[in-house]
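# Fold and contact review
Okay, here's what each chain looks like letter by letter:
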Amino acid sequence: MMKEEIGSSVLENVYKAEERLKNVVVKTPLALNNNLSAVYDANISFKREDLQRVRSYKIRGAYNKMATMSQEDLGRGLVCASAGNHAQGVAFACQTMKVRGMIFMPLPTPGQKLEQVKMFGGSYIDVVLHGDTFDEAKDAAMRFCSENEGIFIHPFDDQAIIEGQATVGLEILEQSKEPIDYLFVPIGGGGLAAGVCSVFQELSPQTKIIGVEPSAAASMKKALEKGRPVLLEKISRFVDGAAVQQVGNLTFELCKDVLYDMATVDEGLVCETILSLYNKDAIVVEPAGALSVAALERYKDEIKGKNVVCVISGSNNDITRMEEIKEKALLHAGLKHYFLVRFPQRPGALKTFVIDVLGPDDDITFFEYTQKNSKEKGIAVVGIALKHNEDFTPLIHNMKKYDFFVNYLNNDPSLMNLLI
């Protein structure tokens, strides 16, 4: 269904969805963030969907979709695929409405999200782990529906789902005391973006809506470049709430002429943002929940003096991921570096490295070395933390000067597998 066929009815349906959801979802705060407002000399407010009942906005679309279905369809058994947040929304709705659900999730789904899904769904849902990505889990869910006559609850490419997510946009406009100049929205499959685009196009057309994706899973950006949804052959799963290989056909149509711009954010910057929000504001977000804030720096000149809203989409973060998040943040900031280092197999080699190669503020944080008796020199993996970016150049110079340097590993895609 094309945008022109549904555009006139969307807003009316969004108001109906808002009424349907009024006793189900939390009207989350739209709160001014003093720290970032000072940094960017703008009024930066957060729409706190991380404070939603299932800790993300996804409950809105899932419940709205199921509430519009017939009893006959509900009785056939509901099926969904999700990297976590949509699954929690469906699970919550299944238990609330007393209907059965089968939920397919990728095998690498963070344990925290998996446990939350089981908790919200209780005895009304079954969880199946399948595939490495959301798209692989979705394919398995679709096959299950075909073989068992189940009803598939799409996580984003469905009109009722989009209208449920669009209630976020209604709330933002109801809560804002001033006209909104910029709205930053995270994008995975595009359901939230399509919803707020539909609302703002009618009620606040002057607002510039900026979609934000992880750079390693930029399916909407690619779709806009090609003029149609495109299947990305390979994506990174790190920003799991937005790691989608292909945006929806419907979400693309609703977004393509309304989005002011698309921004992509590297994983390291996402991690820096997660840590900053926690340390400065005591806000816990998942990687996808940090996307909208991480994009602000790119638009710092445009947003100066403006009223800006960032949608904080979710907070379902697994504490076991924090070591990786911290590591990626330091790597992105240029304060952590990994090398292959050649050590002569003689007494005092490490002392020489510490005294003559390292700077006064440099610190060894990782060291893995196995002595080889048959070789004159052994290779070690060494991690070094710097206090200042500018200390990197003299470090490299000294390593080469004293013949310790073999290779620089920060750009090696397998580095995280070695460390975490």
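Everything discussed here concerns the structure shown above.
Keep in mind the model is a prediction, meaning the values are calculated, not measured. Counting of residues starts from 1 at the beginning of each chain's written sequence and follows it residue by residue. Per-residue local features are limited, in this predicted model, to residues with pLDDT of at least 70; the limit for side-chain atom pairs, both in listing and counting, is 80 or more; totals at the level of whole chains, interfaces and linings are taken over all residues. Each side-chain value is derived from all of the structure's non-hydrogen atoms; neither hydrogens nor water enter the calculation.

Next up on the list: the packing of aromatic side chains. Stacked, tilted and edge-to-face are the three classes assigned to paired rings of Phe, Tyr and Trp, where Trp is represented by its six-membered ring and a pair needs centres within 6.5 Å; plane angles under 30 degrees give stacked, over 60 edge-to-face, the rest tilted. Following the criterion strictly, the structure yields 14 aromatic pairs and no others. Arranged with centres 6.2 Å apart and planes meeting at 70 degrees, the rings of F92 and F120 form a pair that is edge-to-face. With F92 in helix 5 (residues 85–97) and F120 in helix 6 (residues 111–121), this residue pair connects regions lying 28 residues apart in the sequence. Taken together, the ring pairs connect F339, F392, F405 and Y408 into an aromatic cluster. Cation placement over rings: the criterion is NZ of Lys or CZ of Arg within 6 Å of the ring centroid and within 35° of the ring normal. One cation-aromatic arrangement involves K328 over F238; the distance from NZ or CZ to the ring centre is 5.0 Å. Under the DSSP-based scheme used, a helix requires at least four consecutive residues in state H or I and a strand at least two consecutive residues in state E, with every element numbered from the N terminus.

The next thing to look at is the packing of helix 3 (residues 58–67) against helix 5. Whenever a helix is involved, its axis is fitted only over the stretch in contact; in every case the axis is a line through C-alpha atoms, and angles between N-to-C directions fall within 0 to 180 degrees. Two elements in contact, helix 3 and helix 5, have axes separated by 8 Å at closest approach and are oriented at 45 degrees. Of the possible angle classes, the one that applies to helix 3 and helix 5 is oblique. In the packing of helix 3 onto helix 5, the handedness of the crossing is right-handed. Listed contacts from helix 5 to K58, I59, A62, Y63, M66 and A67 of helix 3 are N85, H86, G89, V90, F92, A93, C94, T96 and M97. Ten residue types, Ala, Val, Leu, Ile, Met, Phe, Trp, Tyr, Cys and Pro, are classed as nonpolar, four, Asp, Glu, Lys and Arg, as charged, and the remainder, Gly among them, as polar. By residue class, the composition of the contact of helix 3 with helix 5 is 10 nonpolar, 4 polar and 1 charged. Orientation is classified from the angle alone, with under 35 degrees giving roughly parallel, over 145 giving roughly antiparallel, 65 to 115 giving roughly perpendicular, and any other angle giving oblique. Should the near helix be turned anticlockwise from the far one by less than a right angle, the crossing is left-handed, and should it be turned clockwise, the crossing is right-handed. Residues count as neighbours in contact if any of their non-hydrogen atoms are within 4.5 Å of one another.

Moving on to the sheet that holds strand 10 (residues 307–312). Only strands that DSSP links by at least two bridges are regarded as paired with each other. Strand order in this open sheet of 6 strands is 1-2-10-7-8-9, and the pairing throughout is mixed. Each edge of the open sheet is held by one strand with a lone partner, namely strand 1 (30–32) and strand 9 (261–265). Here the strands of the sheet are splayed against their neighbours by 25 degrees on average, with no regard to which way each runs. Across 5 bridges, strand 7 (residues 182–186) lies against strand 8 (residues 208–214) in parallel orientation.

By themselves, these observations are geometric and do not establish any function.
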